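Letter by letter, the chains look like this.
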Amino acid sequence: HCEQISSGCAIFEENAVRDDEIFQLAISDLSLNDDILQSEKITHSVKLIEPNNPFQAVQEACELMNQGILALVTSTGCAAASALQSLTDAMHIPHLFIQRNGEGSPRTACQFNPSPDGESYTLAARPPVRINDVLLTLVSELHWQKFIIFYESDYDIRGLQTFMDQASRSGLDVSLQRVDRNVSRVFADLFNMMRTEELNRYRDTLRRAVLLMSPRGAQVFIHQAVETNLASKDSHWVYANEEVSDADIMELVHSSLGRMTIIRQIFPLWRDTNVRCMRNNHRISSLLCDPQEGYLQSLEVSNLYLYDSVLMLANAFYRKLEDRKWHSMASLNCMRKSTKPWNGGWSMLDTIQKGRISGLTGLMDFRAEGSNSHVQFEILGTSYSETFGKDVKRLASWDSTRGLNGSLKENRIESGMQGVTLKIVTLLEEPFVMVAENILGQPKRYKGFSIDVLDALAKILGFKYDIYQVGDGKYGSALPNGSWNGMIGELIGKRADLAISAITITPERERVVDFSKRYLDYSVGILMPKSEEKINIFSLLAPFDLAVWACIAAAIPVVGIMIFLLRRIQAVRCQNSAGGHPPPSVSTSLQSAIWIVYGAFVQQGGDSILGSVALRIVMGSWWLFTLIVCSSYTANLAAYLTVSRMDNAVRSFQDLSKQVDLVYGTVRDSAVYEYFRAKGTNPLEQDNTFAELWKTINKNNGFDNSVSNPSEGIKKVNIYFGHHE
């Protein structure tokens, strides 16, 4: 263990099984070439540590140093690397570090401590993270002003700091959003939290997105975004990760909508077997040279850098032997305070830094501030209206010296349409396409919203057009034999180059024709005439039943007679006691009594009653009765008037399917008609609402209730309701 003259020691994390395998493979490849290190035997010692256990890493390194060491190669995460960097700086041991990124997330740079005396013995064999630089180049090339970055919980967001600084200096509007492991919950929360207009604004932000995720996480995320209708046909998403396989790329592209751009690291020398398999004019007989095995493709990026790091060390040892400047190996005791660092450490570090090799990852040297600067990325992309099954194209490459090589612009047809005359099919529907006033003998002219869009396009792209109406007056739906009718049929049959009208984008139609971006969203509505106000002169009587009115009418004279009698009795008593003179102020006629009762009923008062206790009891009871009757009348009248205003029988599809008074239909072979057909004939549909609706809409194959065009539908509604008023 590390006791012979040329010795390399390694520390790997336990979960990286291939690291140990590749290290042994590199050593055995070198051992085949005796003259590389002449008669010296390369010896090595490997220690495995738990992931994210810096203390154990230091313990194992100390043990290796005790045994004797020339250089240390490690492949770990940032936590262990930072601890080992402090140790190797203190002991002056050259340390080649290969950063591993766990869980497949894009890696971010490890934050190392400043070295004492400014002498860093840790050399980064894997180049610094350059994803930020590539992304900045990409967004400026694509002219993105506003976009969102999704990153998963495993990604260290500190790595985005320089990117965010530069983006804000360039005036870009960048949002950040963390994605939990449970992606479906993220989307469920969005729908629960946001109102519709907020969701629409959010959906607009999602049209430009960068994903910093593991391939698996990104696949699930994209799938959920498409499922929940948050991704759209005009979206453009960038997926950035140094290592992503071809299979993962195809999976991502196939599950996405719209345009997708992928950034990953590449190694150009892989393709050249001759270069890969020769070391100092000797052929290496290793697994890496057998293309049938596919072994090389199965390795992680960190494995490739590990192989090259061993080559780099061997190269340095060889040059040391040649120069005869060999130092005895360091045998150091970490725990003893008096231990001095290895005196040959700086010389060994200098030799490694001056070396340069061409390995599996291409060129490797440590001339740029103690790290390997040679790195190359490829930018893959799908074209804008990518349909399934098309290939992903390589759009450009990016490397650390030359920057971007290639163009990311979409290939738009601009000058290529000058002077071309297009055949355009249309269908009349107000206010989208209407016939304009026509001059006798001139061809038909059209106007409307869709025609304005067409004229604007013709002006920008420079084409002319001939326009005609579709013969069957249909938008387009699939026939049982697989062909299509309507405007879609005209396009498929190449009779028209372009169709323009108020046509709905549906998945079935998208399979056979290409659509432009949608420029108007319109939901399905139910067309009904306004309910007319029916003026009834007797509506004032409606709150009470006829029997109640009759009882009230009878109660007034009855109470009036009662009061008349009581007052007459009182008058007689007063006459007897006052010697035959009645009080002059009180009228005691029956007419007067009934008037007082009626006045009290309508809460208007009347003549005052100066009377006995009996009279007061009767009047008090009557007042209470009138109070209750008047309050009930007022409340009932308000409720009656409100209900009559809200009297609209149909407010949803469920209401429509449950009633039998209204006959309903839609436009035959339209998107709505096809939607009802699909839902109404689907045996898996639990709710029978759509089955009922389809039964009525499709009566006699749609000829009874459905219509051939919207204007016919409006006429039909007017005639139907005109006859039923």
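How each quantity is defined
- Residues numbered from 1 in each chain as written.
- Predicted model: local features only at pLDDT ≥ 70, side-chain atom pairs only at ≥ 80, totals over all residues.
- Heavy atoms only, no water.
- UniProt positions renumbered as here; feature names shortened; annotations may be inferred.
- Disulfide = S-S within 2.5 Å.
- Helix = DSSP H or I, 4+ residues; strand = E, 2+ residues; numbered from the N terminus.
- Buried < 20%, exposed > 50% of the residue type's maximum accessible area, 1.4 Å probe, protein only.
- Pairing = 2+ DSSP bridges.
- Axes fitted to C-alpha atoms, helices over the stretch in contact; angles between N-to-C directions.
- Contact = heavy atoms within 4.5 Å.
- Phe/Tyr/Trp six-rings, centres within 6.5 Å; stacked < 30°, edge-to-face > 60°.
- Arc of directions from axis to C-beta.

- Naming follows an unreviewed UniProt entry, where the chain appears as Glutamate receptor of Echeneis naucrates.
- Database annotation for the chain, UniProt heading Sequence similarities (unreviewed entry): "Belongs to the glutamate-gated ion channel (TC 1.A.10.1) family. GRID2 subfamily."

Looking at the state of the cysteines
- Counted according to the given criterion, the structure contains two disulfides.
- What pairs with Cys62 in a disulfide is Cys334, and their sulfur atoms sit 2.3 Å apart. Torsion about the S-S bond of the Cys62 and Cys334 cystine: about -115°, corresponding to left-handed handedness. Pair noted here: Cys62 is in helix 2 (residues 54–67) and Cys334 is in the loop between helix 11 (301–323) and helix 12 (345–354), with a separation of 272 residues, a long-range link. Summarising the burial analysis for this pair, Cys62 and Cys334 share the class buried.
- Between the sulfur atoms of Cys78 and its disulfide mate Cys110 the distance is 2.0 Å. Disulfide Cys78 to Cys110: torsion about the S-S bond roughly -80°, handedness left-handed. Of this pair, Cys78 sits in helix 3 (residues 78–91) while Cys110 is found in the loop between strand 4 (95–99) and strand 5 (122–124), placing the two residues 32 residues apart along the sequence.
- Exposure remark for Cys78: the relative accessible area of 29% places this residue in the partly exposed category.
- Exposure remark for Cys110: the relative accessible area of 15% places this residue in the buried category.

Quick notes on the sheet that holds strand 22 (residues 498–500)
- With respect to topology, three strands assemble into an open sheet ordered 21-18-22, the strand pairing being parallel. Strands with a single pairing partner mark the edges of an open sheet, and in this sheet they are strand 21 (464–469) and strand 22. Across the sheet, the axes of successive neighbouring strands diverge by a mean angle of 35°, strand direction being ignored.
- With six bridges joining them, strand 18 (residues 421–426) and strand 21 adopt parallel strand pairing. Bridged to Thr421 within strand 21 is Lys464.
- In the packing of helix 13 (residues 449–461) onto the sheet, contacts are made with strand 18, strand 21 and strand 22, and the angle to strand 21 comes to roughly 155°.

Some points on the sheet that holds strand 9 (residues 236–240)
- Read across the open sheet, the eight strands follow the order 7-6-8-9-10-15-16-17; overall the sheet is mixed. Bordering the open sheet on either side are strand 7 (173–179) and strand 17 (403–406), each of which pairs with just one other strand. Each strand axis lies, on average, 20° off the axis of its neighbour in the sheet, ignoring direction.
- In the packing of helix 9 (residues 246–255) onto the sheet, the strands contacted are strand 9, strand 10 (259–265) and strand 15 (376–381), and the crossing angle to strand 10 comes to about 165°.

Quick word on the UniProt feature "binding site: L-glutamate" (unreviewed entry) in the chain
- Under the UniProt annotation, "binding site: L-glutamate" (unreviewed entry) lies at Thr504 and Arg509.
- Following the sequence through the fold, Thr504 ends up in the loop between strand 22 and helix 15 (507–512).
- The exposure class of Thr504 is partly exposed, given its relative accessible area of 43%.
- Dropping the residues within four chain positions of it, Thr504 is found in contact with Arg509, Phe515 and Ala671.
- For Arg509, the position within the fold is in helix 15.

Here's the deal with the packing of aromatic side chains
- The full count for this structure, using the stated rule, is 21 aromatic pairs.
- Here Trp549 and Tyr633 contribute two aromatic rings whose centre-to-centre distance is 5.8 Å and whose plane-to-plane angle is 70°, an arrangement assigned as edge-to-face. Pair noted here: Trp549 is in helix 16 (residues 546–577) and Tyr633 is in helix 18 (residues 613–645), with a separation of 84 residues, a long-range link.
- Seen from their ring centres, Phe676 and Phe690 are 5.9 Å apart, and the 40° between their planes marks the pair as tilted. Here Phe690 lies in helix 21 (residues 689–697) and Phe676 lies in helix 20 (residues 671–680), a separation of 14 residues in the sequence. Summarising the burial analysis for this pair, Phe676 and Phe690 share the class buried.
- By way of ring pairs, the aromatic residues Trp144, Phe147 and Phe163 are connected into one cluster.

Considering the side chain of Thr108
- With respect to the helices and strands, the residue Thr108 is situated in the loop between strand 4 and strand 5.
- If near-sequence neighbours (up to four positions away) are discounted, Thr108 is found in contact with Cys78, Gln99, Val129, Tyr155, Asp156 and Gly159.

A few points about helix 6 (residues 183–193)
- Those residues of helix 6 that fall on the buried side of the exposure criterion are Val183, Val186, Phe187 and Leu190. The buried residues of helix 6 occupy an angular sector of 90° when projected down its axis, which confines them to one face.

Let's talk about unusual backbone geometry
- Of note, the bond from Glu430 into Pro431 is cis; its omega dihedral lies within 30 degrees of zero at -5°.
- On the secondary structure map, Pro431 appears in the loop between strand 18 and strand 19 (434–435).
- Its identity as a non-glycine residue notwithstanding, Asn52 has a phi of 55°, on the positive side.
- Within the secondary structure, Asn52 sits in the loop between strand 2 (42–49) and helix 2.
- Residue Asn52 is classed as exposed on the basis of its relative accessible area, which comes to 61%.
- Phi at Lys494 is positive, roughly 60°, even though this residue is not glycine.
- By the secondary structure assignment, Lys494 is in the loop between helix 14 (486–492) and strand 22.
- Overall, the relative accessible area of 71% leaves Lys494 in the exposed class.

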